[in-house]
Amino acid sequence: MSNGELERAGRVVRRGGWITGAALAGVAGIYVMALAYTPVEVRQGPAQKIFYIHAPAAWAALLAFSLVGLASILYLWLEDPRLDRFAAASAEAGVAFCGVVLTTGPIWGKPIWGTWWTWDARLTLTLFLFFLFLGYLVLRQALPDPSERGRFSAVVGILGMLLVPFIHVSVYLFRTLHPQPILIKPSSPSLPPEMLRTLLVSFAVSTLLYVGFVTWRYGLTLALEAREHHARG
Amino acid sequence: MGEWLRRALVVAAKDIRLELRSKTSLLSGTVFAALVLLIFNFARDPTSLSTLDLAPSALWVTYAFAAVVTLNRGFSVERENAALDGLLLAPIPRGALFFGKYLANFAFVSVVEAITLPLFVLFFDLDLGGKLPGIIAVAGLATAGFLAAGTVFSAMVVRTRFAELMLPVLVLPFMVPPIMAAAEATARLLGGRPLSEILGWLRFLGFYDIAFITLCGMTFAFVVDE
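Only a predicted model underlies this, so the values are computations on that prediction, with no experimental measurement involved.

1. Description of the overall build of chain A
Part 1 of the reasoning: Summing up its helical and strand segments, chain A has six helices and zero strands in all.
Part 2 of the reasoning: The N-to-C order of helical and strand elements in chain A reads α-α-α-α-α-α.
Part 3 of the reasoning: The principal-axis extents of the C-alpha atoms in chain A amount to approximately 65 × 40 × 30 Å.
Part 4 of the reasoning: Taken over 233 residues, chain A has a buried fraction of 37%.

Put into structure tokens, the structure is as follows:
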């Protein structure tokens, strides 16, 4: 019984590893595309290249955190342990992507804005999401009982979803410095086609990387559970 | 509805009676808040920063920390002698239980804030004059907002090993929007600005209170029920 569970977990981990490997190769591809294929931005120069990592990472983090919220609501309703495992894996991947956003942002901000950090609406929101989900992961670690862990972290996930619009509104009352969206806006995207193509590819790659991370983490959780199950006999 | 509210009040009254017998958290919360205010006065250079610039943030940082210290007691008292099991066996809807706990927390934190306010005026040499009603309204709205999430989290962290450490990590992100709004509103009130300038912040606090009290009341059952 336990061996079967462990084998299944191993299969999921391997699948996650393959997807992550393919996505990492894709990340290398984005570097090549961004440096060799896309034109240099007129005003920002080479600093703009970091955009092809920064924006896709932000997209993946947003996707990850939204899915945690969704999985949390469904978990309280259906109490399916798969949803809890998925939420935990997604939160961890989200924190990793959020870390990438919060490090690449200042690297770009220093030459372009002249400052590493500013209390702009989007920066503040990202930072708070990062702290919120760090708290989420810390709480999970402190709760040994799986059912309690699932329910409590789902409640934190749901309350966190409600917090987002409030942070957004409160920081928007200060003036904003972050570039306005150039891709998703009412008029057509204002990018040269090469830049747009590179960006779309990088979004696809970051989504794939997210799927890889979550699958991998999900498999590891399955393996841990199988071992605990085995230890208890 | 009347019965629901009565049960919530019974829970709140129980907590208040318990606290009045020991006075532990009220006393420690107040002393803690006074000490934080004291540190603020020594941590600033009076020649470069005027009191009016620092006062709103000092007040709200103090209130936030004092609230976290006071919140810690909320469910730790229920842990002794497995009192929580008794409370859960009582025929009280979970929403009413949450609201009762929340009201008791609100009472404790308000008392701590009320005792700290004169100290704040004294230390920062302020003239509140006709500004007191405005400050009380802002403090009430902001405190009502962050205590909702705080009550749910204090029920969660008693099940963990490091409850006193875990609570601030969880609750502080939820304190930021109301504290931000309250500090902005307080700064404008102390600066003698017209009421119309803080109406936006008051509305923001009102929305925050309604949203979080409702959602916390709804999710509380998942935290206490097995």
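2. Structural notes on the overall build of chain B
Part 1 of the reasoning: Across its full length, chain B carries nine helices and zero strands.
Part 2 of the reasoning: Each helix and strand of chain B, placed in order from N terminus to C terminus, yields the pattern α-α-α-α-α-α-α-α-α.
Part 3 of the reasoning: Here chain B has a C-alpha radius of gyration of 18 Å; the compact-globule value for 226 residues is 17 Å, and the two agree.
Part 4 of the reasoning: In terms of principal-axis extent, the alpha carbons of chain B reach across some 60 × 35 × 30 Å.
Part 5 of the reasoning: Of the contacts formed within chain B by residues at least 6 apart in sequence, a portion of 86% connects residues at least 24 apart.

3. Regarding the nonpolar core
Part 1 of the reasoning: Among the nonpolar cores identified, the biggest contains 123 residues, and Ala149(B) and Ala182(B) are the most heavily contacted of them.
Part 2 of the reasoning: At 15 residues, the largest contribution of residues to this core is made by helix α7 (residues 132-157) of chain B.
Part 3 of the reasoning: With residues near it in sequence (within four places) discarded, Ala149(B) still touches Leu159(A), Val171(B), Phe174(B), Phe212(B) and Cys216(B).

4. Examining the interface of chain A and chain B
In many reports, interface size means the accessible area that the parts give up when they come together.
Part 1 of the reasoning: Taken together, the contacts link 22 residues of chain A with 24 residues of chain B.
Part 2 of the reasoning: Put simply, the parts of the chain that give the side of chain A that touches chain B at least two residues each are α4 (121-142) and α5 (146-172) of chain A.
Part 3 of the reasoning: Here the side of chain A that touches chain B gets 13 residues from one element, more than from any other, and that element is α5(A).
Part 4 of the reasoning: Each residue belonging to the side of chain A that touches chain B can be placed in one class, and the counts come to 18 nonpolar, two polar and two charged.

5. Here we look at the packing of helix α6 (residues 94-124) of chain B against helix α9 (residues 199-224) of chain B
Each pair of packed helices gets described by two things: the angle between the helix axes and the distance between those axes.
All names here are of chain B.
Part 1 of the reasoning: At a minimum axis distance of 8 Å, the contact between α6 and α9 shows a crossing angle of 105 degrees. Here α6 is positioned roughly perpendicular relative to α9, judged by the angle of their axes. Contacts between α6 and α9 pair Arg 94, Gly 95, Phe 98 and Phe 99 from the former with Cys 216, Gly 217, Phe 220, Ala 221 and Val 224 from the latter.
Part 2 of the reasoning: Grouping the constituent residues of the contact of α6 with α9 by class yields six nonpolar, two polar and one charged.

6. Comments concerning α9(B)
Residues and elements named next belong to chain B.
Part 1 of the reasoning: With 26 residues, α9 ought to run about 38 Å at 1.5 Å a step, and its terminal C-alpha atoms sit 37 Å apart, in line with that.
Part 2 of the reasoning: Where α9 bends most, at Met 218, the angle is about 35 degrees.
Part 3 of the reasoning: Of all the positions in α9, only Trp 201, Phe 204, Leu 205, Tyr 208, Asp 209, Phe 212, Cys 216, Gly 217, Thr 219, Phe 220, Phe 222 and Val 223 are classed as buried.

7. Quick word on the environment of Arg203(B)
All names here are of chain B.
Part 1 of the reasoning: With respect to the helices and strands, the residue Arg 203 is situated in helix α9.
Part 2 of the reasoning: C-beta crowding within 10 Å serves as the criterion here: with 12 such atoms nearby, Arg 203 is assigned to the exposed category.
Part 3 of the reasoning: Taking the C-alpha atoms as reference points, Arg 203 and Val 223, separated by 20 residues in sequence, lie 30 Å from one another.

8. With respect to the environment of Gly150(B)
Residue and element names in this part refer to chain B.
Part 1 of the reasoning: Mapped onto the elements of the fold, Gly 150 is located in helix α7.
Part 2 of the reasoning: C-beta crowding within 10 Å serves as the criterion here: with 29 such atoms nearby, Gly 150 is assigned to the buried category.
Part 3 of the reasoning: Put simply, Gly 150 and Phe 174 are 24 residues apart on the chain and 8.2 Å apart in space, counted from C-alpha to C-alpha.
Part 4 of the reasoning: If sequence neighbours within four positions are ignored, Gly 150 has contacts with Ala 67, Leu 71, Asn 105 and Val 171.

9. Things to note about unusual backbone geometry
Part 1 of the reasoning: For Glu79(A), which is not glycine, the phi dihedral falls at a positive 55 degrees.
Part 2 of the reasoning: The topology assignment puts Glu79(A) in the loop between α2 (51-78) and α3 (81-113).
Part 3 of the reasoning: The exposure class assigned to Glu79(A) is partly exposed, which follows from the 14 C-beta atoms found within 10 Å.
Part 4 of the reasoning: With a phi close to 55 degrees, Asp125(B) is a non-glycine residue in the positive phi region.
Part 5 of the reasoning: With respect to the secondary-structure elements, Asp125(B) resides in the loop between α6 and α7.

10. Describing the packing of helix α2 (residues 24-42) of chain B against helix α3 (residues 51-71) of chain B
Residues and elements named next belong to chain B.
Part 1 of the reasoning: Look at α2 against α3: their axes get within 9 Å of each other, and the N-to-C directions meet at 150 degrees. As summarised for this structure, α2 and α3 are arranged roughly antiparallel, according to the angle between their axes. The crossing of α2 and α3 is right-handed. Contact residues: α2 offers Ser 25, Ser 28, Gly 29, Phe 32, Ala 33, Val 36, Leu 37 and Phe 40, while α3 offers Ala 58, Thr 62, Phe 65, Ala 66, Val 69 and Thr 70.
Part 2 of the reasoning: Residue composition of the contact of α2 with α3, grouped by class: nine nonpolar, five polar and no charged.

Calculation rules
- Residues numbered from 1 in each chain as written.
- Chains lettered and ligands numbered in written order.
- Predicted model: local features only at pLDDT ≥ 70, side-chain atom pairs only at ≥ 80, totals over all residues.
- Helix = DSSP H or I, 4+ residues; strand = E, 2+ residues; numbered from the N terminus.
- Buried ≥ 20, exposed ≤ 12 C-beta atoms within 10 Å, placed from the backbone.
- Rg over C-alpha atoms; globule rule 2.2 N^0.38 Å.
- Contact = placed C-beta atoms within 7 Å.
- Core = buried A, V, L, I, M, F, W, Y, C linked by C-beta atoms within 7 Å.
- Nonpolar A, V, L, I, M, F, W, Y, C, P; charged D, E, K, R; others polar.
- Axes fitted to C-alpha atoms, helices over the stretch in contact; angles between N-to-C directions.
- Parallel < 35°, antiparallel > 145°, perpendicular 65-115°, else oblique.
- Expected span 1.5 Å × (residues − 1).
- Bend = angle between axes of the 7 residues up to and from the residue.
- Left-handed = near helix turned anticlockwise from the far one by under 90°.

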